[in-house]
Amino acid sequence: MIVLGIESSCDETAAALVTDQREVLADLVLSQLKDHAPFGGVVPEIAARRHIDHLDSLIARALKEAGIGFGQLDAVAATAGPGLIGAVMVGLMTGKAIASVCRVPLIAVNHLEGHALSARLIASIEFPFLLLLVSGGHCQLLIVDGVGAYRRLGTTIDDAAGEALDKAAKLIGLGYPGGPAIERTAKTGDPRRFALPRPLHGRPGCDFSFAGLKTAVLHLVESLPNPLSPQDQADVAAAFQATVADVLIDRTTNAIRTFKTAAAQGSTLVVAGGVAANTLLRERLKALAEANGLTLLAPPLRLCTDNAAMIAWAGVERLRLGLTDGLDASPRARWPLDPLAEPAPGTGRVGRLGRKA
Ligand code: KG4
Ligand code: ZN
C-alpha cells in the first residue's frame, strides 16, 4: 500500500510517499524560511502563495524519487487543518484533485494527528501512549488511546512553547526560527546567571503558560546594555532554554501520574513537534521517562518538524481502518484532537470558530 502525503498547514511545503510497511519512499520538505524571515514570523498570505508555486513540482519530484507513477497510489492523505486556512486549502485541494483523477480514497488528516502518530512510523509502539506535543503552534499533553482517540490532559493557556522560543529569540536579537537559534546560542551560555520565572511550575494539572516568561525576558533584555553582547545573548538564551525545559518537565511529570492511573497498560512517552528537536529537552525527558518506568520515544529530527511523511503515515493508519473522507472534506483553521476537552482555565470563552486545538 502506497500513500501520498501532502503537508501545507504552515510555512513548510511537503510531499512524501510512505508504505504500510513503514518504508519512506520519498520525503521532501521545502522550507519557506527565507520568504518569511524579513517579517520575523510567518505571513499567512505569503505562505499560501508559496505553496501554490511549489506543491505540484514537489509532488512530481517525490514520485520520481520513489520511482512510481500516480497510477500506483493507493490513497492520498492531505493535511486538512488546523493551520493557516489559505495554506491548508492549497494542500487539501491539491490532494482532492489527485485523489479524484486517480480514483483513490482521500484522507483529510488532522496535522496534530500526524505529529501524534509519527512515532509509530519508526517503531511498533502500542496504544495507549502518553504524548507531549510541542511545536510552534501547539503545546499539549495527550493520552493517545488509538487512531482518532485522544484524551487531552493539558494545553497552553497562552503561547505554545515554540512560539515562546521564537518570540524570546527575537527579543534576544537572534534570528527566526527561534528554537534552533536559542539552542545554538545557549551552548556557550551560563543558564544560572539569570533567574527567570517558571509559570505554573509546581502547580497541579498539566496546563502550560509561557506569556509571563516572555515578558520576563523582555524586562531582562531591557535591563542589559543594548544591543546585547554575545555573552549576554548566550546567557539569556541558556536561561530561557533551561526554564522552558523545566516547565515542560514539571507538566509532563504530572501527566505521567495521570497516565499511569488512566492508562495503566501504557509504557511509552512520545515527544513530537518541532521543539522535540531540542537536545536538552530530549535528554531531560529521557531521564524523566526512565525514572518513571517508561520508555521515551523521540522521532528523528526530520520527523519532528513539519513534514509530509507523518501525514502519509496517518493516512496509512486511517486507511487500514477504513477511515477515508469524501471530496467534500473541509479545510479547518481550528481542529482540536480531543473536542471534548475542557478549555484551559483562563483562556476565556471559546471563539466563534470553536476551540483552536
Ligand atoms: O512542528 P513545527 O515544525 O511547526 C509547527 O507545527 O508549529 O515546529 C516549529 C517550532 C518553532 O517554534 C521552532 O522554533 C521550534 O519548533 N524548534 C525548536 C528547535 N527546532 C525547531 N525549538 C527548540 N529547539 C530546537 N532545536
Ligand atoms: Zn507541526
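Reading the values: the criteria
Residues numbered from 1 in each chain as written. Chains lettered and ligands numbered in written order. Predicted model: local features only at pLDDT ≥ 70, side-chain atom pairs only at ≥ 80, totals over all residues. Heavy atoms only, no water. Helix = DSSP H or I, 4+ residues; strand = E, 2+ residues; numbered from the N terminus. Buried < 20%, exposed > 50% of the residue type's maximum accessible area, 1.4 Å probe, protein only. Near = heavy atom within 4 Å. Polar contact = N/O pair within 3.5 Å; in protein donor to acceptor, adjacent residues only side chain to side chain. Domains from an automatic or database assignment. Core = buried A, V, L, I, M, F, W, Y, C linked by side-chain atoms within 4.5 Å. Contact = heavy atoms within 4.5 Å. Donors = N, O, S within 2.8 Å, 3.2 Å for Na, K, Ca; no water. Tetrahedral: all angles 85-135°; square planar, octahedral: opposite > 155°, others 65-115°. Buried area = accessible area lost by both parts, 1.4 Å probe. Phe/Tyr/Trp six-rings, centres within 6.5 Å; stacked < 30°, edge-to-face > 60°. Pairing = 2+ DSSP bridges. Axes fitted to C-alpha atoms, helices over the stretch in contact; angles between N-to-C directions. Parallel < 35°, antiparallel > 145°, perpendicular 65-115°, else oblique. Left-handed = near helix turned anticlockwise from the far one by under 90°.

Considerations on the side chain of Thr 252
Part 1 of the reasoning: Secondary-structure assignment places Thr 252 in helix 9 (residues 230-262).
Part 2 of the reasoning: Residue Thr 252 is classed as buried on the basis of its relative accessible area, which comes to 0%.

Quick look at unusual backbone geometry
Part 1 of the reasoning: A cis amide bond links Gly 81 to the next residue, Pro 82, at an omega of -10 degrees.
Part 2 of the reasoning: Residues other than glycine seldom take positive phi values, yet Arg 103 does so here, at roughly 55 degrees.
Part 3 of the reasoning: Looking at where Arg 103 falls in the secondary structure, it is placed in the loop between helix 3 (85-102) and strand 5 (106-110).
Part 4 of the reasoning: The residue Leu 200 is not glycine, and still its phi comes out positive at about 70 degrees.
Part 5 of the reasoning: With respect to the helices and strands, the residue Leu 200 is situated in the loop between helix 7 (178-186) and helix 8 (211-223).

Comments concerning the site of ligand 1
Part 1 of the reasoning: Lining the immediate environment of ligand 1, one finds 21 residues, of which Gly 136, Asp 166, Gly 179, Glu 183 and Gly 274 sit closest.
Part 2 of the reasoning: Here an oxygen atom of ligand 1 sits 2.7 Å away from a polar atom, N or O, in the main chain of Gly 136.
Part 3 of the reasoning: Gly 162 is positioned with one of its backbone polar atoms (N or O) 3.1 Å from an oxygen atom of ligand 1.
Part 4 of the reasoning: Those elements giving two or more residues to the shell around ligand 1 turn out to be helix 4 (111-117), helix 6 (161-172) and helix 7.
Part 5 of the reasoning: Two domains each donate at least three residues to the shell around ligand 1, and these are domain 1 (2-118 + 303-320) and domain 2 (127-298).

Regarding the nonpolar core
Part 1 of the reasoning: In terms of nonpolar packing, the biggest core is built from 53 residues, with Val 134, Ile 182, Phe 210, Phe 240 and Leu 248 touching the most fellow members.
Part 2 of the reasoning: The set of elements that each furnish at least two residues to this core consists of strand 6 (129-134), strand 7 (139-146), helix 6, helix 7, helix 8, helix 9, strand 9 (268-272) and helix 10 (279-291).
Part 3 of the reasoning: Ranked by the residues each element gives to this core, the list is headed by helix 9, at twelve residues.
Part 4 of the reasoning: Excluding residues that lie within four positions of it along the chain, Val 134 makes contacts with Cys 139, Ala 161, Leu 248, Val 271, Ala 272, Gly 273, Gly 274, Val 275, Ala 276 and Leu 281.
Part 5 of the reasoning: If you look at the next biggest cluster of nonpolar residues, it comprises 35 residues, including Leu 133, Val 270, Ala 309 and Leu 319.

Points about the coordination of the zinc ion (ligand 2)
Part 1 of the reasoning: Looking at the zinc ion (ligand 2), one finds its protein donor set to be His 111 (NE2), His 115 (NE2) and Asp 306 (OD), positioned 2.1 to 2.2 Å from the metal centre.
Part 2 of the reasoning: Between the four donor atoms coordinating the zinc ion (ligand 2), the angles at the centre fall across 93 to 149 degrees, so the site counts as irregular.
Part 3 of the reasoning: Counting residues between consecutive donors of the zinc ion (ligand 2) along the chain gives the motif H-x3-H-x190-D. Taken as a pair, His 111 in helix 4 and Asp 306 in the loop between helix 11 (301-304) and helix 12 (309-320) lie far apart in primary sequence, 195 residues in all. When sorted by exposure, His 111 lands in the same class as Asp 306, which is buried.

Focus: the domain arrangement of the chain
Part 1 of the reasoning: Domain boundaries assigned for the chain yield domain 1 (2-118 + 303-320) and domain 2 (127-298).
Part 2 of the reasoning: The straight-line distance from the C-alpha centre of domain 1 to that of domain 2 is 27 Å.
Part 3 of the reasoning: Counting residues at the interface gives 17 residues for domain 1 and 18 residues for domain 2.
Part 4 of the reasoning: Both faces combined, the contact of domain 1 with domain 2 buries some 1400 Å², and carbon together with sulfur accounts for 71% of it.
Part 5 of the reasoning: Among the residues domain 1 hides against domain 2, the three largest losses belong to Leu 112, Ala 116 and Cys 304. Together they make up 36% of the total.

Thoughts on the packing of aromatic side chains
Part 1 of the reasoning: One pass over the structure, following the stated rule, counts two aromatic pairs.
Part 2 of the reasoning: Between Phe 208 and Phe 210, the aromatic rings sit 6.3 Å apart at their centres with planes inclined by 15 degrees, giving stacked as the arrangement.
Part 3 of the reasoning: For Phe 208, a relative accessible area of 0% translates into the label buried.
Part 4 of the reasoning: Phe 210 gets classed as buried once you look at its relative accessible area, which sits at 0%.

Focus on the sheet that holds strand 9
Part 1 of the reasoning: What the five strands build is an open sheet, ordered 8-7-6-9-10; its pairing is mixed. The open sheet is flanked by strand 8 (149-155) and strand 10 (295-297), the only strands paired with a single partner. Neighbour-to-neighbour, the strand axes of the sheet open up by a mean angle of 25 degrees, direction not taken into account.
Part 2 of the reasoning: Relative to strand 9, strand 6 runs parallel, the two being bridged by four bridges. Of the residues in strand 9, the one forming a bridge with Leu 132 is Val 271.
Part 3 of the reasoning: In the packing of helix 10 onto the sheet, the strands contacted are strand 6, strand 9 and strand 10, and the crossing angle to strand 10 comes to about 150 degrees.

Thoughts on the packing of helix 6 against helix 9
Part 1 of the reasoning: Two elements in contact, helix 6 and helix 9, have axes separated by 11 Å at closest approach and are oriented at 165 degrees. Taken as axis vectors, helix 6 and helix 9 run roughly antiparallel relative to one another. Like other packed secondary-structure pairs, helix 6 and helix 9 cross with a definite hand, here right-handed. Between helix 6 and helix 9, the contacting residues are Ala 161, Ala 164, Leu 165, Ala 168 and Ile 172 on the first element and Gln 233, Val 236, Ala 237, Phe 240 and Leu 248 on the second.

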